[in-house]
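Single-letter residue listing:
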Number of protein chains: 2
Amino acid sequence: MSTLPRATQADVARLAGVSSKTVSRVFAGTGDVSATTQERVLSAAKRLRFRPNGLARNLRRGGVTNTIAFVMGDLKNPFYFQVAAGVERELAASGFTMLLATTDDSPASEEVVVDALLSQRVRALLLIPIADDQSYLDGERQLGTPIISVDRPAGNLVADSVVLRNRQGMAEAVRSLTALGHRKIAFISNPSAMYTQRERLAGYREALREVGVTDSARWERLDDDPAVSAESIVRGLLDGGDPPTAIVAGNNRGSHGAIPVLRDRMPPVAFIGFDDFELADALGISVVGYDAFEFGRTAARLALERLADPVAFSRQVEIATRVIHRGSGEILPPAQ
Amino acid sequence: MSTLPRATQADVARLAGVSSKTVSRVFAGTGDVSATTQERVLSAAKRLRFRPNGLARNLRRGGVTNTIAFVMGDLKNPFYFQVAAGVERELAASGFTMLLATTDDSPASEEVVVDALLSQRVRALLLIPIADDQSYLDGERQLGTPIISVDRPAGNLVADSVVLRNRQGMAEAVRSLTALGHRKIAFISNPSAMYTQRERLAGYREALREVGVTDSARWERLDDDPAVSAESIVRGLLDGGDPPTAIVAGNNRGSHGAIPVLRDRMPPVAFIGFDDFELADALGISVVGYDAFEFGRTAARLALERLADPVAFSRQVEIATRVIHRGSGEILPPAQ
DNA sequence: AAAGCAAATGTCCACGCTGTCTGACTCTGT
DNA sequence: ACAGAGTCAGACAGCGTGGACATTTGCTTT
């Protein structure tokens with residue numbers, strides 16, 4: 001089974017006894033071609049397994065492709081996966097294909113990866129910034145390529161962006177706890193996603209300050225050591241002297257660590273996570289939730305809109321979050 | 001901010017006072033260019049924000065891209081997301097970019113989507129077949145494009161494939177239950193992924209036959225109605241007359257439905273799911289597990305290997321599964 | 001039947017890049 | 001001083017397609 005060479009328009013034209021331009025017309029669906037000719041061309045094409053060369057087509061059409069790149073740090077995170085799903089769906093609805101690339105959470109590789117994608121003439125770039133500085137994209141932006149910063153703002157670059165209402169969401173969660181009388185509220189997270197965690201931490205502090213708690217630092221656990229499990233951090237908090245009566249988590253990793261510890265704990269400890277997850281409902285875990293799929297769609301929509309109007313002002317969109325009450329966050333503090 | 005036109009090699013050459021071929025040499029890293037010239041070219045390129053056009057380059061080089069397509073039915077399923085992550089990682093390690101497309105679980109759109117990707121001259125195609133027949137890909141296969149069928153075998157097409165050991169995995173799970181004395185074992189799943197569920201069902205029946213149970217049909221719940229939740233199916237089983245003493249699930253949806261029902265159930269009901277999930281460990285849920293990320297890597301590796309050796313015999317790879325005991329599957333049947 | 005016109009098909013070339021080939025220049029050894 | 005080797009840069013063509021324009025065909029109109 002030697003692989004036969006790929007047929008071109010010219011090959012099809014020769015077999016069908018027409019000019020290559022006619023073959024072009026048949027496959028591009030442009031211009032008038034008689035039914036007889038069309039049939040002859042199609043049958044010749046089929047025989048030769050001809051498929052138009054999209055590369056050549058795109059080149060001829062001015063280097064315009066129908067792919068849009070989405071660059072993220074780490075595909076393994078289910079949250080980003082949902083976002084990617086939303087992006088893909090929205091793009092596909094407009095006839096675009098998603099080129100998915102990862103930077104392996106390495107700031108150094110971000111520019112390399114992005115550069116390779118831009119060379120392939122993607123129509124737009126959706127990026128979850130991992131490096132601190134995206135000024136290297138400014139040239140491309142000026143050339144008219146829409147650049148959308150996702151989940152965190154881009155550094156040193158004018159770009160459209162979509163982020164969560166991190167601060168407000170967390171503040172709202174903490175307020176729901178202080179309203180029940182909680183004052184000793186711990187915050188756990190691993191700050192791998194710097195920006196979001198910083199915002200959520202700020203929201204946590206803000207809500208505590210509102211009720212006069214200013215020494216929250218002693219309840220904050222921001223370890224980033226992957227060797228230390230979230231579970232052990234929660235245990236450390238609760239088994240130490242003066243344990244908190246409530247815990248909020250800055251991300252899902254914290255929630256997963258807290259769940260096994262908090263079950264059947266006496267006295268019960270209130271808990272609210274950040275990021276919803278499938279079993280949260282079944283387990284009665286309150287969280288700050290949002291629609292990750294819609295998040296992705298919004299990012300994609302921004303790219304499409306900028307494609308349609310390249311000179312519009314840049315836009316910063318915030319995705320709503322809300323506290324979803326499922327029981328774990330409605331536990332009262334133990335009576336003094 | 002009018003968008004300036006994109007510079008080409010010729011523009012850079014003009015500004016640098018060299019020929020376009022020299023610019024090509026600088027950016028392709030081929031041939032000898034003196035340090036002085038190189039510097040002049042690079043500075044001119046920077047001034048014009050020049051970036052080589054990958055489309056033109058690929059066309060010139062014989063229509064060979066560095067993208068590999070992965071087509072799946074539905075991105076929302078976290079299992080496929082893990083697989084995609086594995087694919088991406090393995091491809092990136094070899095310098096390829098993943099083009100991700102979905103068919104929205106619609107058999108009709110599969111060929112359309114695949115066709116568009118092949119037109120873009122992807123180097124290889126990884127496909128989770130959703131239609132029953134992939135014979136339309138035979139021509140492309142003969143042209144030398146590696147085609148890898150993922151998670152289910154392709155229909156009417158010679159192709160490499162990677163699938164799970166569905167049947168053996170499920171049989172092993174059921175055997176671990178029969179070994180404890182269970183005989184009334186229910187099987188729940190929604191057969192949206194026909195092939196895998198059929199295999200798992202076969203494994204379930206096989207293991208039951210081994211201990212003389214032949215009337216398993218009354219314990220099988222294969223509803224595909226999305227309006228009927230897995231949870232209500234489990235409830236229906238347990239609250240009916242003659243309830244099962246153990247339940248196995250054909251997929252994660254079944255597990256998620258079973259978890260809230262089985263908690264604190266008296267007498268306790270044994271349960272083993274299929275597909276691992278992050279909280280399974282914390283919740284003590286036994287499952288038939290496997291490495292989804294590695295699954296994706298294997299699929300990608302298969303594509304890369306076939307790219308290197310297009311005429312090798314087609315290969316069918318099976319990914320190992322194993323029962324992970326965490327407590328829920330080790331519950332004894334109630335004494336008669 | 002001649003003129004007029006739309007439909008159908010063809011010719012030529014450019015999109016941006018690189019492979020091949022050729023030519024100009026620099027350096028070495030005798 | 002000159003041949004031979006080595007280094008560097010340019011001219012040209014063509015990858016497969018589609019746009020601009022030219023040409024032919026078939027059919028209507030008076």
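Residues numbered from 1 in each chain as written. Chains lettered and ligands numbered in written order. Predicted model: local features only at pLDDT ≥ 70, side-chain atom pairs only at ≥ 80, totals over all residues. Heavy atoms only, no water.

A. Unusual backbone geometry, seen in detail. Backbone torsion omega between Met266(A) and Pro267(A) reads -5°, so that peptide bond is classified as cis. Structurally, Pro267(A) can be placed in the loop between α11 (252–262) and β9 (270–274). Here Asp242(A), not a glycine, exhibits a phi torsion of approximately 55°, which is positive. Along the chain, Asp242(A) falls in the loop between α10 (230–239) and β8 (246–249). Positive phi outside glycine occurs at Arg121(B), with the angle close to 60°. Structurally, Arg121(B) can be placed in the loop between α6 (107–119) and β3 (124–127). (Helix = DSSP H or I, 4+ residues; strand = E, 2+ residues; numbered from the N terminus.)

B. Seen up close, the interface of chain B and chain A. Taken together, the contact between chain B and chain A spans 59 residues of the former and 60 residues of the latter. Remark: the boundary between chain B and chain A carries eight salt bridges. One can count 24 residue pairs in polar contact (both at pLDDT 80 or more) joining chain B with chain A. The set of elements that each furnish at least two residues to the side of chain B that touches chain A consists of α4 (54–60), α5 (78–93), β2 (97–102), α6, α7 (138–142), α11 (252–262) and α12 (280–283) of chain B. By residue number, the principal contributor to the side of chain B that touches chain A is α5(B), which donates seven residues. Class assignment of the residues belonging to the side of chain B that touches chain A gives a composition of 28 nonpolar, 18 polar and 13 charged. (Contact = heavy atoms within 4.5 Å. Salt bridge = Lys/Arg side-chain N within 4 Å of Asp/Glu carboxyl O. Polar contact = N/O pair within 3.5 Å; in protein donor to acceptor, adjacent residues only side chain to side chain. Nonpolar A, V, L, I, M, F, W, Y, C, P; charged D, E, K, R; others polar.)

C. Structural detail: the UniProt feature "domain: HTH lacI-type" (unreviewed entry) in chain A. Per the UniProt record, the feature "domain: HTH lacI-type" (unreviewed entry) sits at residues 7–61 of chain A. Secondary structure across residues 7–61 of chain A divides into 67% helix and 0% strand, with the first and last C-alpha atoms of the span separated by 21 Å. (UniProt positions renumbered as here; feature names shortened; annotations may be inferred.)

D. Representation of empty space enclosed by the protein in the model. Counted according to the given criterion, the structure contains three cavities of 30 Å³ or more. In this model, the largest cavity occupies a volume close to 160 Å³. Lining the largest cavity are Leu55(A), Asn58(A), Thr65(A), Thr67(A), Leu99(A), Gln120(A), Leu55(B), Thr65(B), Thr67(B), Leu99(B) and Gln120(B). Class assignment for the residues of the lining of the largest cavity results in four nonpolar, seven polar and no charged. Volume-wise, the second largest cavity comes out at about 90 Å³. In terms of lining residues, the second largest cavity is bounded by 13 residues, among which Ser189(B), Asn190(B), Ala230(B), Ile233(B) and Arg253(B) are the most central. Only α10 (230–239) and α11 of chain B provide two or more residues apiece to the lining of the second largest cavity. (1 Å grid on protein atoms, 1.4 Å probe; cavity = no way out; pocket = protein on both sides within 12 Å on 5 of 7 lines; lining within 4 Å. Points joined across faces, edges and corners; volume = space filled by probe spheres on them.)

E. Highlighting the relation of the copies chain B and chain A. Mapping chain B onto chain A calls for a screw motion: a turn of 180° about the axis and a shift of 0.0 Å along it, with 0.1 Å RMSD after fitting. Taken together, the rotation and translation relating the two chain copies correspond to the operation of a two-fold axis. The C-alpha atom lying nearest the rotation axis in chain B is that of Leu99(B); the distance is 2.3 Å. The fraction of interface residues of chain B whose copies in chain A are also interface residues reaches 100%, indicating that both copies meet through the same surface. (Least-squares fit on C-alpha atoms with pLDDT ≥ 70 in both.)

F. Region of the structure containing the domain arrangement of chain A. Residue and element names in this part refer to chain A. When the domains of chain A are assigned, the result is domain 1 (9–52), domain 2 (67–164 + 292–318) and domain 3 (166–290). The centre of domain 2, based on its C-alpha atoms, is set 30 Å off from the matching centre of domain 3. Both faces considered, domain 2 and domain 3 share a buried interface measuring about 700 Å² in area, 59% of it formed by carbon and sulfur atoms. Where domain 2 packs against domain 3, one counts zero salt bridges. Applying the counting criterion to the domain 2 and domain 3 interface returns two residue pairs in polar contact (both at pLDDT 80 or more). (Domains from an automatic or database assignment. Buried area = accessible area lost by both parts, 1.4 Å probe.)

G. Highlighting the pattern of salt bridges. Residues and elements named next belong to chain A. Under the criterion given, the structure shown has 50 salt bridges over all chains. In this structure, the salt-bridge partner of Arg 301 is Glu 294, at a minimum N-O distance of 3.1 Å. Residue Arg 301 is classed as partly exposed on the basis of its relative accessible area, which comes to 29%. Taking the relative accessible area as the measure of exposure, Glu 294 reaches 29% and is therefore partly exposed. (Buried < 20%, exposed > 50% of the residue type's maximum accessible area, 1.4 Å probe, protein only.)

H. Layout of the protein's contact with DNA strand D. Taken together, 23 residues are adjacent to DNA strand D, and Gln9(A), Arg57(A), Arg60(A), Thr37(B) and Arg60(B) come closest. Backbone atoms, meaning sugar and phosphate, form 59% of the atoms of DNA strand D found within 4 Å of the protein. Contact distances for DNA strand D include 2.5 Å between a base nitrogen and a side-chain N or O atom of Arg60(A). At the level of elements, α2 (20–28) and α4 (54–60) of chain A together with α2 (20–28) and α4 of chain B are the ones that each hand at least two residues to the surface near DNA strand D. Partitioned by chemical class, the residues of the surface near DNA strand D number seven nonpolar, nine polar and seven charged. (Near = heavy atom within 4 Å.)

I. Just the protein's contact with DNA strand C, in detail. Taken together, 22 residues are adjacent to DNA strand C, and Thr22(A), Thr37(A), Gln9(B), Arg57(B) and Arg60(B) come closest. If you look at DNA strand C and keep only atoms within 4 Å of the protein, 60% of those are sugar or phosphate atoms. Separating a base nitrogen of DNA strand C from a side-chain N or O atom of Lys21(B) is a distance of 2.8 Å. The separation between a phosphate oxygen of DNA strand C and a polar side-chain atom of Ser24(B) is 2.7 Å. Of all the secondary structure elements, the ones that give two or more residues to the surface near DNA strand C are α2 and α4 of chain A together with α2 and α4 of chain B. Considering only residue class, the surface near DNA strand C consists of seven nonpolar, eight polar and seven charged.

J. Here's a closer look at the sheet that holds strand β11 (residues 316–319) of chain B. In space, the twelve strands of this open sheet follow the order β11(A)-β5(A)-β4(A)-β3(A)-β1(A)-β2(A)-β2(B)-β1(B)-β3(B)-β4(B)-β5(B)-β11(B), with mixed pairing throughout. Each edge of the open sheet carries a strand with a single partner, namely β11 (316–319) of chain A together with β11 of chain B. Taken pair by pair, the neighbouring strands of this sheet meet at an average axis angle of 20°, ignoring direction. With four bridges connecting them, strand β1 (residues 67–72) of chain B and β3(B) associate as parallel partners. Counterpart to Ile68(B) in the pairing with β3(B) is Ala124(B). Strand contacts of α5(B): β2 (97–102) of chain A together with β1, β2, β3 and β4 (147–150) of chain B, with the helix running at about 170° to β1(B), the strand carrying the most contacts. (Pairing = 2+ DSSP bridges. Axes fitted to C-alpha atoms, helices over the stretch in contact; angles between N-to-C directions.)

K. Quick peek at the environment of Ile185(B). All names here are of chain B. The residue Ile 185 is located in strand β6 (residues 185–188) in this model. Between the C-alpha atoms of Ile 185 and Ser 216, which are 31 residues apart in sequence, the distance is 7.8 Å. In contact with Ile 185, not counting residues within four places along its chain, are Val 174, Leu 177, Thr 178, Tyr 204, Leu 208, Trp 219, Ala 246 and Val 248.

L. The packing of aromatic side chains, seen in detail. Taken as a whole, this structure holds 13 aromatic pairs over all chains when the rule is applied. Ring plane angle 75° and centroid distance 5.0 Å describe the contact between Phe27(B) and Phe50(B), whose orientation is recorded as edge-to-face. Linking Phe27(B) in helix α2 with Phe50(B) in the loop between α3 (35–47) and α4, this pair joins segments that are 23 residues apart in sequence. A relative accessible area of 26% means that Phe27(B) is categorised as partly exposed. On the basis of relative accessibility, which here comes to 10%, the residue Phe50(B) falls in the buried class. Seen in terms of ring centroids, Phe274(B) and Tyr290(B) are 6.4 Å apart; in terms of plane orientation they differ by 45°. Their pairing is tilted. With Phe274(B) in strand β9 (residues 270–274) and Tyr290(B) in the loop between β10 (286–289) and α13 (292–308), this pair connects stretches of sequence that are 16 residues apart. Assessed through its relative accessible area of 0%, Phe274(B) is described here as buried. Three or more aromatic residues link up through ring pairs in this structure, and these residues are Phe79(A), Tyr80(A), Phe274(A), Tyr290(A) and Phe295(A). Across from the ring centre of Phe274(A), 3.8 Å away, lies the NZ or CZ of Arg200(A), which sits over that ring. (Phe/Tyr/Trp six-rings, centres within 6.5 Å; stacked < 30°, edge-to-face > 60°. Lys NZ or Arg CZ within 6 Å of the ring centre and 35° of its normal.)

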